[in-house]
Amino acid sequence: MFTVDSNEELNIKALKLVTITENRKKTTFKVDSVEIGKDFLFIAGPCSVESEEQIMESAKLAFEAGANMLRGGAYKLRTSPYSFQGLGKIGLEYLSKAGRFYKMPIVTEIIDTRDVSLVSEYADILQIGARNMQNITLLTEVSKTNKPVLLKRGMNATLEEWLNSAEYILKGGNNKVILCERGIRTFETFTRNTLDLSSVTALKELTHLPVIVDPSHATGRRELVEPMSLAAIIAGCDGLEVEMHYNPKVALSDAEQQLSGKQLKDLIINAKKTIDFRNTLNLALEE
Ligand code: PEP
Ligand code: MN
């Protein structure tokens, strides 16, 4: 166990709100019936909302697989200006309809301060993507809402920078922050990013905020998503955000990394077994 004081090389002493103290050991908060930080979070759904049918069909499979939240992007920050950019407001409507139908809270990315009130009308959780982790104006705007914020790690961000971004949101008055490790840029090109699982274990010691993992953007490869999810559980995460599509082959974005409904179902079965196993390990460590 390392503490804030013994961890000089990570200059987190300047952080006031995100660090663990005597009175703040673990943040938990409810989104509908899910108690984040306590109940394991299974966020699943397509990269992008593509049509009403696509999100409805994907939501059905996510629900049947055992996911407890639905994701889908309506505003996409794509690398190429010629790629599908998302459906915008109508996408939010389709996503929210699917979420209501299957009684799953919805998580969707917000990319612009001008969209805060609109996206907040639909979303149960506001996602800040890797590309916006240090968009301080956006962090400040979401800090003024009462919506939980899922803050992804920037692809080039250190833990200290990431925690500082979370600190902005807490300082603005919003304590409901979830950190999401989604891989960082390294020299490796076989995988889309390099999944930094040590960040998960480290963050569980450094912050009281819940920490989840997105193995889909971290690896970019469908076949790596389940093994990395199980490894993330052992590392100590509080949940997973996994991309799945009713028919990944026809997906308009991130087709290579999206799971089928069956693959998600298998992942969740094995994830639950791994959580049980982790609990036995923790007991052994505490003894
Ligand atoms: C996403 O989850 O839709 C996404 C774009 O991920 P990231 O911001 O981690 O690249
Ligand atoms: Mn994606």
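Cut-offs applied
- Residues numbered from 1 in each chain as written.
- Chains lettered and ligands numbered in written order.
- Predicted model: local features only at pLDDT ≥ 70, side-chain atom pairs only at ≥ 80, totals over all residues.
- Heavy atoms only, no water.
- Donors = N, O, S within 2.8 Å, 3.2 Å for Na, K, Ca; no water.
- Helix = DSSP H or I, 4+ residues; strand = E, 2+ residues; numbered from the N terminus.
- Buried < 20%, exposed > 50% of the residue type's maximum accessible area, 1.4 Å probe, protein only.
- Pairing = 2+ DSSP bridges.
- Right-handed = clockwise from strand over helix to strand, strands pointing away.
- Near = heavy atom within 4 Å.
- Polar contact = N/O pair within 3.5 Å; in protein donor to acceptor, adjacent residues only side chain to side chain.
- Areas by Shrake-Rupley, 256 points an atom, 1.4 Å probe, with all protein chains shown as cover.
- Salt bridge = Lys/Arg side-chain N within 4 Å of Asp/Glu carboxyl O.
- Axes fitted to C-alpha atoms, helices over the stretch in contact; angles between N-to-C directions.
- Contact = heavy atoms within 4.5 Å.

Colleague: Explain the coordination of the manganese ion (ligand 2) here, please?
Modeller: Ideal donor angles around a metal are set by the shape: a four-donor tetrahedron calls for 109.5 degrees, a six-donor octahedron for 90 or 180 degrees. For the manganese ion (ligand 2), the full set of protein donor atoms is Cys-47 (SG), His-217 (NE2), Glu-243 (OE) and Asp-254 (OD), and the range of their distances to it is 2.0 to 2.3 Å. The sequence motif formed by the donor residues of the manganese ion (ligand 2) is C-x169-H-x25-E-x10-D. Note that His-217 is positioned in helix H7 (residues 215–219) and Asp-254 in the loop between strand E10 (239–243) and helix H9 (261–286), a separation of 37 residues in sequence. Considered together, His-217 and Asp-254 belong to a single accessibility category, that of buried residues.

Colleague: Before we go on, may I ask you to explain the pairing of strand E5 (residues 106–109) in this structure?
Modeller: Taken residue by residue, a regular strand's side chains alternate between the two faces of the sheet. The side-chain alternation of E5 yields two buried faces, one formed by Ile-106 and Thr-108 and the other by Val-107 and Glu-109. The pairing of strand E4 (residues 69–71) with E5 spans two bridges and is parallel. Paired with Arg-71 across the bridge in E5 is Val-107. The handedness of the E4 to E5 crossover, carried by helix H2 (residues 89–101), is right-handed. Strand direction decides the pairing type here: E5 and strand E6 (residues 125–128), joined by three bridges, are parallel. When the sheet's bridge partners are listed, Val-107 is paired in E6 with Ile-125. Crossover E5 to E6 through helix H3 (residues 116–122) is right-handed.

Colleague: What is the right way to read the site of ligand 1 from this model?
Modeller: Close to ligand 1 lie Arg-71, Lys-76, Glu-109, Gln-127, Gly-129, Ala-130, Arg-131, Lys-152, Arg-182 and His-217, which account for all nearby residues. In the environment of ligand 1, an oxygen atom lies 3.2 Å from a nitrogen or oxygen atom belonging to the side chain of Lys-76. Gln-127 is positioned with one of its side-chain polar atoms (N or O) 2.9 Å from an oxygen atom of ligand 1. Expressed as a share of its isolated accessible area of 300 Å², the protein-covered part of ligand 1 is 93%.

Colleague: Explain the pattern of salt bridges to me, please; I cannot follow it from the model alone.
Modeller: Side-chain pairs of opposite charge can arise where the charged atoms are in close proximity. A full pass over the atoms with the stated rule returns 17 salt bridges. The closest approach of N and O atoms between Arg-221 and Glu-223, which form a salt bridge, is 3.4 Å. Under the relative-accessibility criterion, Arg-221 is labelled partly exposed at 26%. A network of salt bridges, in which partner residues are shared, links Arg-71, Lys-152, Asp-214, Glu-241 and Glu-243.

Colleague: Which parts of the structure should I look at to understand the sheet that holds strand E8 (residues 177–181)?
Modeller: Backbone-to-backbone hydrogen bonds pair the strands of a sheet. The strands run either parallel or antiparallel. Taken together, eight strands build a closed barrel; the order of strands is E3-E4-E5-E6-E7-E8-E9-E10 and the barrel is parallel. Direction aside, neighbouring strands of the sheet carry axes that sit 25° apart on average. Its contacts with the sheet put helix H4 (residues 136–143) on E6 and strand E7 (149–152), and the angle it makes with E6 is roughly 170°. Helix H6 (residues 198–206) rests against E8 and strand E9 (211–213) of the sheet, and its axis sits at about 170° to E9.

Colleague: Can you help me understand the pairing of E6 in this one?
Modeller: Every second residue of E6 is oriented toward a common face, with Ile-125 and Gln-127 on one face and Leu-126 and Ile-128 on the other, all of them buried. Sheet analysis places E6 next to E7, joined by three bridges and oriented parallel. Paired with Ile-128 across the strands is Leu-151, a residue of E7. Tracing the backbone out of E6, into H4 and back to the parallel element E7 gives a crossover that is right-handed.

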